[in-house]
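Report on the structure
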Amino acid sequence: GNSVTQMEGPVTLSEEAFLTINCTYTATGYPSLFWYVQYPGEGLQLLLKATKADDKGSNKGFEATYRKETTSFHLEKGSVQVSDSAVYFCALRGDQGAQKLVFGQGTRLTINP
Amino acid sequence: DGGITQSPKYLFRKEGQNVTLSCEQNLNHDAMYWYRQDPGQGLRLIYYSQIVNDFQKGDIAEGYSVSREKKESFPLTVTSAQKNPTAFYLCASAAVSNQPQHFGDGTRLSIL
């Protein structure tokens, strides 16, 4: 079945550092890929998405490129801020059947001033 | 503003009790979902519904039940058969199943 593997956390960085959170997936067909962010005590918010190979999703300075050859969708940001502290989830949606979302285990990110 | 409302934010259950978590959306979305989140883990799908009066089991449906009598409402009942109900429960909706899902703020369920 479909699955998502994320870089284990927690990740702690200083403000203005470069961020990479790795995400790889296993899926048949042509899934869509997503990054969601969860702030403490809240639900998930869609951060960015990509629906086909080589697409780049971007939002709020975050970027991720859908790499079919390496089955990856790594999240990057050039200069993180304290307000980026949250838990980040990589997810995929298959292109068959009910098209359910499958989530990675989440990566907790803490940014220190 | 359109969105998804989950209530209550915190819920406590005694052993042997059933409890119902509310999820209401005013986004006019057809598809609705319930997920369970445990510490340090990703979200796991409990039930989903793609249309009114129809729903399917997700990956961890045992001990849970749902109904979808109205488009905007998808309540989840945690029954006494669920042996480890303490978790954070998230409801989501999507216009149709191939569109991005929007999430509520969750309900945290604890056992007294």
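Anything mentioned here points back to the structure above.
Parameters at a glance
Residues numbered from 1 in each chain as written. Chains lettered and ligands numbered in written order. Predicted model: local features only at pLDDT ≥ 70, side-chain atom pairs only at ≥ 80, totals over all residues. Heavy atoms only, no water. Helix = DSSP H or I, 4+ residues; strand = E, 2+ residues; numbered from the N terminus. Rg over C-alpha atoms; globule rule 2.2 N^0.38 Å. Buried < 20%, exposed > 50% of the residue type's maximum accessible area, 1.4 Å probe, protein only. Pairing = 2+ DSSP bridges. Disulfide = S-S within 2.5 Å.

Remarks on the overall build of chain A
When you go through chain A residue by residue, the secondary structure sums to zero helices and 12 strands. Counting from the amino terminus, helix and strand elements in chain A follow one another as β-β-β-β-β-β-β-β-β-β-β-β. The C-alpha radius of gyration computed for chain A amounts to 14 Å, which stays within 12% of the reference 13 Å derived for 113 residues, consistent with globular compactness. Principal-axis analysis of the C-alpha atoms places the extent of chain A at approximately 45 × 30 × 20 Å. A burial count over chain A gives 43% of its 113 residues as buried.

Points about the pairing of strand β1 (residues 4-7) of chain B
Residue and element names in this part refer to chain B. Only one face of β1 is covered, namely the one carrying Ile 4 and Gln 6; the face carrying Thr 5 and Ser 7 has none of its residues buried. In this structure, β1 lies alongside strand β3 (residues 19-25), joined through four bridges in antiparallel fashion. When the bridges of β3 are listed, Thr 5 appears paired with Glu 24.

Thoughts on the state of the cysteines
Residues and elements named next belong to chain A. Applying the stated criterion across every chain, the model contains two disulfides over all chains. A sulfur-sulfur separation of 2.0 Å characterises the disulfide bridge that pairs Cys 23 with Cys 90. When the S-S torsion is -70°, as for the bridge of Cys 23 with Cys 90, the disulfide is left-handed. Of the two residues, Cys 23 sits in strand β4 (residues 23-26) while Cys 90 sits in strand β10 (residues 86-93), which places them 67 residues apart along the sequence. The buried category is assigned to Cys 23, whose relative accessible area is 1%. Of the residues examined, Cys 90 reaches a relative accessible area of 1% and is grouped as buried.

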